[in-house]
Amino acid sequence: MDAIRAAEQVVVIEEARAYVEGIGPIDLTNAGQLAGHLMAAETLLMRIAELFTPVDA
């Protein structure tokens, strides 16, 4: 694994951690807010999966 990829992995994990920390209370009756959080989480998870997939896969 190269140093750049490892650094990218750390950055995306920190972005996900910071996002979750900053969410605060979620109003589960507000469908728009909930959908927004779910879409943001999905985007972060896709980036994490991409950076942790072996390059030769």
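The following refers to the structure shown. (Residues numbered from 1 in each chain as written. Predicted model: local features only at pLDDT ≥ 70, side-chain atom pairs only at ≥ 80, totals over all residues. Heavy atoms only, no water.)

### So, the overall build of the protein chain
Link 1 in the chain: Each helix and strand in the protein chain was counted, giving two helices and zero strands.
Link 2 in the chain: Against the 2.2 N^0.38 benchmark of 10 Å for 57 residues, the protein chain shows a C-alpha radius of gyration of 14 Å, more extended than a compact globule.
Link 3 in the chain: The C-alpha extent of the protein chain, read off along each of the three principal axes, is 45 × 20 × 10 Å.
Link 4 in the chain: For the protein chain, the residues scored as buried account for 14% of the 57 residues in total.
Link 5 in the chain: The contacts of the protein chain with a sequence gap of at least 6 include a subset with a gap of at least 24, amounting to 63%. (Helix = DSSP H or I, 4+ residues; strand = E, 2+ residues; numbered from the N terminus. Rg over C-alpha atoms; globule rule 2.2 N^0.38 Å. Buried < 20%, exposed > 50% of the residue type's maximum accessible area, 1.4 Å probe, protein only. Contact = heavy atoms within 4.5 Å.)

### As for the nonpolar core
Link 1 in the chain: Listed in full, the five residues of the largest apolar core are Val12, Ala16, Leu44, Ile48 and Leu51.
Link 2 in the chain: If one sorts the elements of this core by residue count, helix α2 (residues 31–52) sits on top with three residues.
Link 3 in the chain: Residue contacts for Ala16: discarding those within four places in its chain leaves Leu44 and Ile48. (Core = buried A, V, L, I, M, F, W, Y, C linked by side-chain atoms within 4.5 Å.)

### Observations regarding the pattern of salt bridges
Link 1 in the chain: Applying the stated rule across the entire model yields three salt bridges.
Link 2 in the chain: Between Arg47 and Glu15 there is a salt bridge; the shortest N-O distance is 2.5 Å. Of this pair, Arg47 sits in helix α2 while Glu15 sits in helix α1 (residues 3–23), placing them 32 residues apart in sequence.
Link 3 in the chain: By relative accessible area, which is 33% here, Arg47 ends up partly exposed.
Link 4 in the chain: By relative accessible area, which is 32% here, Glu15 ends up partly exposed.
Link 5 in the chain: Residue Arg17 is joined to Glu21 by a salt bridge in which the shortest nitrogen-to-oxygen separation is 2.6 Å. On the criterion of helical spacing, the pair formed by Arg17 and Glu21 is a turn pair, its members being four residues apart in helix α1.
Link 6 in the chain: Exposure remark for Arg17: the relative accessible area of 42% places this residue in the partly exposed category.
Link 7 in the chain: On the basis of relative accessibility, which here comes to 62%, the residue Glu21 falls in the exposed class.
Link 8 in the chain: Among the charged side chains, a salt-bridge network with shared partners connects Glu14, Arg17 and Glu21. (Salt bridge = Lys/Arg side-chain N within 4 Å of Asp/Glu carboxyl O.)

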